[in-house]
Amino acid sequence: MFECSFYSFCSPRFNFYVQNELSYPKILSKPRRSLRKRRKVLNLVVLIATLQMENSGASLFKDTPVGLNEISEEEYFSQSTLLKEFTEIPTIEKAWTLKTNCGGSQVMFSISQPNLLENKKRRYASFSHISKERDDFVQFHWDAFPIEMGTASLMVPSPSGSKLLVVRNAENDSPTCFEIWSSSQVEREFHVPSSIHGSVYSDGWFEGISWNSDETLIAYIAEEPVSAKPTFTYFGYEKGDCPDKDCNSWKGQGDWEEGWGEAYDGKRLPKLFVINISSGEVRAVDGIEKSLSVGQVIWAPSSKNSIQNLVFVGWPSEMRKFGIKYCTNRPCSLYVVRAPCFRYEPRQSGPDGKFLVFLSSKSAVDSGAHNATDSLHRIDWSIDTESRSHNKIVDVVPVVMCAEDGSFPGLYCSNILSNPWLSDGRTMILSSAWGSTLFVLTVDILSGNVSRISPSTSEFSWDVLTLDGDNIIAVCSSPINVPEIKYGYLVENAYDNTKWNWLDISSPITKCSEKVRSLLSSKEFCTMPIPVRDASENLTKGASKPYEAIFASSKSKKHDACDPLIVVLHGGPQCVSLSSFSKSSAFLCSLGFSLLIVSYRGSLGFGEEAVQSLPGRVGSQDVNDVLASIDHVIGMGFADPDKIAAVGISHGGFLTTHLIGQAPDKFAAAAARNPVCNLALMVGTTDIPDWCYFEAFGSEAKSNFTAATSAEHLALLYNKSPISHISKVKTPTLMLLGAKDLRVPITDGLQYARALKEKGVEVKVMMFPDDIHELDRPRTDFESFLNIGVWFKKYCS
């Protein structure tokens, strides 16, 4: 018997404009008319207009928001009331199973809910005790109220569940607060000054917080201390130290240091630290190269001489740092380093890990795709071996190039649980995209066998939250069904095979209003395969197989008429639209629209050949796939060809703007969120210029890429872009842009919008001054989809 006590990632895982002014009739004055007479006429007009307004009970200068008239204002009011109800649906972010003193289990859920007034996400913890009288009957006993986490940036329970770490990142140069909670109180509180390190990373990428097995030390990733800046006074440069706040001097800028792009503005270098939770002593981990950005740290099992090691992922940064968020193609390696020695002697406890298991995105690194099919690997680990650089890497689940119909398409895993192991010590539980559905899988790390254990007949998406011993707590949802908690348990039958049964769990944290539930209950959805229309081309086998589209609509037609259709397009393009619940999409569907959510070829979940079929063909293959999907549902009688709209973000915005240019008569309205409109402009301003080359040049991108783009390359990038088709566009278009977007800078969208205005196409631009690429701040998300709903209603009804 052996146990796998830890793992690591090798790579982790997006106007119309109505002036509301009083209109005066033109007064055509004769050349010899006196000024006094003209004034009398003007005064008379104003008097008549004033009397008319007073008689109607309205103010002369009614304060109607810019861009609205009385009709659209009423639509805004109606839709915003409904959208607010969708917005208030809670989101389960994480969960942990904790053992109680009486031998049972308790689950702690981390929940978020938008706070529109403060423009922040309200986060809180909700607790439930698990009562299991028999395998096929489980009850969750929920606490009366959740506990708001307030300013907490992170919370991480210890392995035993007896302690809880809460990290509160402060702004500017204030200390970072570490709190150690027991079941009844705060046991320890430490404030780490900015001279030791900056804020702790909580981004889900570099982020890594790990308790050691005896729960005395915590390893974590934080921003390295700010480098010293030169000081200047009236006389010039000041040698030596000088107070930061001195009215007779100022701090210079020093050298510019490159960061990791989108979502990391102001952050430069993540470093590894360890805190002793008894003394509060913090130490930086020595022996790591200065140029290495580190993340995703875990403790290795203690060796027999009590030496403790840390395993982490490191990204070299001697050369240029490209944007890293959403980009698993940034080369990285696994490292092991000795942990700092504190005065406290660690106790030998906890399981001895026999394997290090990690996900790799080598196929993304090799090809240049910002995402690709994952592979899973194992390193046999011995606590007696000092050096492990020679240890053999065993391939557990390789990259699947082309999946046979209905068979496993490969791993597409956004994350893995901190403890994904069943008690047999060899079986991992994880969630992975299988086409456009998320399934729960088991992986035997010795044999490499992969099994799908969530219901294969369900088109819903299933996501693992945590394990309760050998049982699974998951969340299940669909585009028209709010998330529900499921409890899975293993059943052995007489034929020595195993299967998993899933129980419904009543939960207060996944409830929605009666109005929302009633609206969604009148909808239905299905996932449909879409045949490839250009299969005669010289394509690989995997690229010739059908892709998928999710279709959501009303259960019944009204007078044999179809609801207007919204085509929803994901970004990436190496991403996938899953059959899981999205508040914004469900809101649009509840307004009376059908949805066509397309996972065009190049999306994840369909095998590596399908992923690699798109680079070099963007603007053609993906556009044709979307048009084929639309024609497919029109041909089935599910859509009215005169009432079609398109919406997408990033590469989805690239497709949206391409579609209205290449098929100008097909779309009644469009909405593009931070869209890629001109690759030739974007390549010189984005944090991922290599992405522009890869999508446009395909396999030749690496040999062609340069920061000094040639005129020839600029021409190719332009011709691949939506702006090259702008002369044909006539679709009313809504543009939603984040002013702090480093991934697709606003110049891209503004240039496209100005070009539309120049040729007389109706266009509305909404600019969100404090938003980055995701456009996911609560107010921004709310205003975005409110305006999208009103825009589409105006042009598609």
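Now for a look at the structure at hand. Each chain has its residues counted from 1, running along the sequence as written. The model is predicted, so local features are restricted to residues of pLDDT at least 70 and side-chain atom pairs to those at 80 or more, both for listing and for counting; the totals for chains, interfaces and linings are taken over all residues. With hydrogens and water set aside, each side-chain value is computed from the structure's full complement of heavy atoms.

**Let's talk about the sheet that holds strand β15 (residues 249–251)**
Here, any two strands with at least 2 DSSP bridges between them count as paired. Helix and strand labels come from DSSP, where a helix needs a run of H or I of at least four residues and a strand needs a run of E of at least two; each type is numbered from the N terminus. Strand order in the open sheet made by the three strands is β14-β13-β15, with antiparallel pairing throughout. At either end of the open sheet lies a strand with only one pairing partner, and these are β14 (236–238) and β15. Strand-to-strand, the axes of this sheet are offset by a mean angle of 40 degrees, without reference to chain direction. Summarising the sheet, strand β13 (residues 231–233) and β14 pair through three bridges and their orientation is antiparallel. Opposite Phe232, over in β14, you have Tyr237 as the bridge partner. Angles shown run from 0 to 180 degrees and are taken between the N-to-C directions of axes, each axis being a line fitted to C-alpha atoms and, for helices, limited to the stretch in contact.

**Quick look at the sheet that holds strand β16 (residues 270–276)**
A sheet is described by the order of its strands in space; here four strands give the open sequence β11-β12-β16-β17, paired in antiparallel fashion. Either end of the sheet is taken by a strand with one partner, and the two such strands are β11 (209–211) and β17 (282–284). Across the sheet, the mean angle from the axis of one strand to that of its neighbour is 25 degrees, orientation sign disregarded. One ladder, built from seven bridges, connects strand β12 (residues 217–223) with β16; its direction is antiparallel. Counted as the bridge partner of Ile221 is Leu272 from β16.

**Some details on helix α7 (residues 621–635)**
Spanning 15 residues, α7 covers 21 Å between terminal C-alpha atoms, matching the ideal 21 Å at 1.5 Å per step. For each residue, the accessible area found with a 1.4 Å probe, counting protein chains only, is set against the maximum for its type, and the residue is called buried under 20%, exposed over 50%, and partly exposed in between. Every buried residue of α7 is listed here: Gln621, Asp622, Val623, Asp625, Val626, Leu627, Ala628, Ser629, Ile630 and Val633. Working rule for contacts: check all heavy atoms of both residues, and any pair within 4.5 Å makes them a contact. Turning to α7, the residues buried within the fold contact β31 (523–530), β32 (547–554), β33 (565–569), β34 (594–599), β35 (644–649) and α8 (651–662). One or two steps after α7, the chain reaches Gly637, where phi turns positive at roughly 80 degrees. One fewer than the residue count of a helix, multiplied by 1.5 Å, yields its expected span.

**Examining the packing of aromatic side chains**
The criterion for an aromatic pair is that two Phe, Tyr or Trp rings (for Trp, the six-membered ring) have centres within 6.5 Å, with stacked assigned to planes under 30 degrees apart, edge-to-face to planes over 60 apart and tilted to the rest. By the definition in use, this model includes 25 aromatic pairs. Centroid distance Phe551 to Phe638: 5.3 Å. Interplanar angle 20 degrees. Geometry classified as stacked. Here Phe551 is found in strand β32, whereas its partner Phe638 is found in the loop between α7 and β35, with 87 residues between them in sequence. Ring pairs connect the aromatic residues Tyr201, Phe206, Trp260, Tyr264 and Trp315, which therefore count as one cluster.

**Description of the packing of α7 against α8**
The N-to-C vectors of α7 and α8 enclose an angle of 75 degrees; their axes lie 10 Å apart at closest approach. One element, α7, and the other, α8, form an angle in the roughly perpendicular class. In contact with Asp622, Val623, Val626 and Leu627 of α7, α8 contributes His651, Phe654, Leu655, His658, Leu659 and Gln662. Note on residue categories: nonpolar means Ala, Val, Leu, Ile, Met, Phe, Trp, Tyr, Cys or Pro, charged means Asp, Glu, Lys or Arg, and polar means any other residue, Gly included. Looking at the contact of α7 with α8, its residues break down into six nonpolar, three polar and one charged. Orientation is classified from the angle alone, with under 35 degrees giving roughly parallel, over 145 giving roughly antiparallel, 65 to 115 giving roughly perpendicular, and any other angle giving oblique.

**Considering the packing of helix α10 (residues 689–697) against helix α12 (residues 711–719)**
One way to put it is that α10 packs onto α12 with a least axis distance of 10 Å and a crossing angle of 70 degrees. The orientation of α10 relative to α12 falls into the category roughly perpendicular. For the pair formed by α10 and α12, the contact residues are Cys692, Tyr693, Ala696 and Phe697 on the first element and His713, Leu716 and Leu717 on the second.

**With respect to the environment of Gln296**
Note on placement: Gln296 falls in strand β18 (residues 292–299). Sequence separation of Gln296 and Ala219 is 77 residues, and the distance between their C-alpha atoms is 9.9 Å. The definition of a polar contact used here is a pair of N or O atoms within 3.5 Å, where within protein one atom must be able to donate a hydrogen and the other to accept one, and adjacent residues in sequence count solely through side-chain atom pairs. A polar atom in the side chain of Gln296 sits 3.0 Å from the backbone oxygen of Trp205.

**Description of the side chain of Glu608**
Here Glu608 shows up in helix α6 (residues 608–611). A relative accessible area of 4% places Glu608 in the buried class. Reaching out from Glu608, the side chain makes a polar contact with the side chain of Gln612 at a distance of 2.8 Å. Those residues in contact with Glu608 that lie beyond four places of it in its chain are Ser363, Ala372, Thr373, Val399, Val400, Met401 and Tyr412.

**Focus: the pairing of strand β29 (residues 481–492)**
Both strand β28 (residues 471–478) and β29 contribute to a ladder of six bridges, which runs antiparallel. Paired with Ser478 across the strands is Asn481, a residue of β29.

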